[in-house]
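Structural features, examined
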Amino acid sequence: MSDICKNWTQWLKQTRFSHMSEVQVQQTFNWLFAVRNIVIEKANIKAGDKIIDIGCGTGLLSFGVLEKFQDSVELIFSDKFEDCLLECKKLLEESNIKHNATFLQSDCLDIKLPDFSVDKALTRSVLVHIADKQKAINEIYRILKKGGTYCAFEPIIKSNTRYHELTTPNEITDWRAFKEAEDDFMSDPNDPLTNFDAQSIAQNLDLAGFSDGDIDVQDTPSSYIATKEAIKQWFDSAPSPDRPTTKQRFLKYFDEDKVNNYIFEVQNALHNKMISVNSKTIFIRATK
Ligand SMILES: C[S@@+](CC[C@H](N)C(=O)[O-])C[C@H]1O[C@@H](n2cnc3c(N)ncnc32)[C@H](O)[C@@H]1O
């Protein structure tokens with residue numbers, strides 16, 4: 001884990017919001033709840049279903065399921081990391097939700113469940129952190145019962161607006177070299193964050209054996225006023241506890257003075273300007 005963030009619970013509860021204003025935090029929660037509701041709706045959950053939330057984190061999907069279905073379903077909170085399961089246990093104990101829930105510490109590449117175990121498997125923003133997505137999807141297929149459904153949400157990070165697209169060569173020293181570095185690390189085939197898109201996930205589903213993999217691709221444009229402080233945070237925040245910050249990524253290509261100067265120039269170019277960015281996301285639904 002990095003020195004910026006000690007574990008996933010800290011990342012989910014604090015780090016990911018560190019560069020946001022209160023309004024942006026609220027908007028992010030609204031968006032997270034909307035995403036969670038879509039994933040749960042697509043799963044078409046019925047009373048009696050056995051459901052696993054793989055990579056449950058602090059329980060976004062699990063608590064969404066429990067709030068709606070309570071103890072009429074069997075729910076497994078599952079994560080590779082103990083801190084996440086302890087946090088979910090604490091939240092569940094503090095809630096008054098009637099439930100039939102269990103906890104499973106398990107890597108999604110080797111899920112500690114027999115074949116044909118669950119009716120529904122759910123994930124949100126988990127595959128994006130797994131280098132071998134085929135292996136994870138094969139495991140999900142293996143543990144589903146025949147007719148069982150996998151539903152998920154993933155951000156397609158390689159399609160996000162890039163820093164160099166927000167600036168011009170007139171504003172940035174060595175703009176082209178920074179563009180090339182950014183394009184290089186944003187399409188790194190060994191980086192779990194960037195080594196996939198909607199087509200590759202569709203292929204993963206097919207190869208795993210899913211017969212009707214459906215992928216709904218969505219664009220989310222947004223515009224806001226950038227500030228120097230927020231721009232500094234773009235470069236200093238980690239996408240997960242174990243991955244480098246954007247600044248650290250640029251340091252693989254340039255020395256520290258050059259990267260600091262780049263950040264300084266991006267801050268000057270964009271401070272107090274309205275910027276427009278786009279991100280691409282996918283919703284997955286597939287039946288065994
Ligand atoms: C971005 S968080 C998403 C958490 C939660 N699903 C949500 O929607 O808030 C990614 C989660 O994947 C989990 N994770 C990372 N690698 C994993 C692995 N190999 N197996 C299972 N879970 C993993 C992390 O512990 C973390 O909880």
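Further up the page is the structure itself.
Throughout, a residue's number is its position along its own chain's written sequence, starting from 1. With pLDDT at 70 or above as the cut-off, local features in this predicted model cover only qualifying residues; side-chain atom pairs require 80 or more to be listed or tallied, and sums for whole chains, interfaces and linings still use all residues. No hydrogens and no water enter the side-chain calculation; it runs on all heavy atoms of the structure.

Salt-bridge detection follows one rule: a side-chain nitrogen of Lys or Arg within 4 Å of a carboxyl oxygen of Asp or Glu. Per the stated rule, a full pass over the model turns up 18 salt bridges. Residue arginine 142 pairs with aspartate 115 through a salt bridge whose shortest N-O separation is 2.8 Å. Placement of arginine 142 in helix α5 (residues 133-143) and of aspartate 115 in the loop between β3 (101-105) and β4 (118-124) is noted, with a sequence separation of 27 residues between them. Only protein chains enter the area calculation, which uses a 1.4 Å probe; residues under 20% of their type maximum are buried, those over 50% are exposed, and those in between are partly exposed. Classification of arginine 142 by relative accessible area gives partly exposed; the value is 22%. A single network of salt bridges, built from pairs that share partners, joins Asp115, Glu139 and Arg142. Labels follow the DSSP assignment, with helices taken as runs of H or I lasting at least four residues and strands as runs of E lasting at least two, numbered in each case from the N terminus.

What follows covers the nonpolar core. The biggest cluster of nonpolar side chains holds 54 residues, and the ones touching the most others in it are Ile52, Tyr150, Phe210, Phe235, Phe250 and Leu270. At six residues, the largest contribution of residues to this core is made by helix α10 (residues 256-270). Discounting residues that sit within four places of it in the chain, phenylalanine 210 has contacts with Ile137, Ile140, Tyr141, Leu144, Tyr150, Leu205, Ala286, Thr287 and Lys288. Counting residues in hydrophobic clusters, the runner-up holds 24 residues, among them Phe69, Leu85, Leu122 and Phe153. What is meant by a nonpolar core is a set of buried Ala, Val, Leu, Ile, Met, Phe, Trp, Tyr and Cys residues, joined one to another through side-chain atoms within 4.5 Å. A contact between two residues is defined here by any heavy atoms of the two lying within 4.5 Å.

The subject of this paragraph is the site of the ligand. Residues are classed as near a molecule or strand on a simple rule: at least one heavy atom within 4 Å of it. Near the ligand lie 18 residues; those nearest to it are Gly55, Asp79, Asp107, Cys108 and Arg124. The definition of a polar contact used here is a pair of N or O atoms within 3.5 Å, where within protein one atom must be able to donate a hydrogen and the other to accept one, and adjacent residues in sequence count solely through side-chain atom pairs. Here an oxygen atom of the ligand sits 2.5 Å away from a polar atom, N or O, in the side chain of arginine 124. Where accessible areas are quoted, they stem from the Shrake-Rupley method and a 1.4 Å probe; at the residue level, only the protein chains shown are allowed to cover. The protein chains hide 97% of the 590 Å² of surface that the ligand would expose on its own. Three classes are used, and their members are as follows: Ala, Val, Leu, Ile, Met, Phe, Trp, Tyr, Cys and Pro are nonpolar, Asp, Glu, Lys and Arg are charged, and the others, Gly among them, are polar. Broken down by class, the residue content of the shell around the ligand amounts to nine nonpolar, five polar and four charged.

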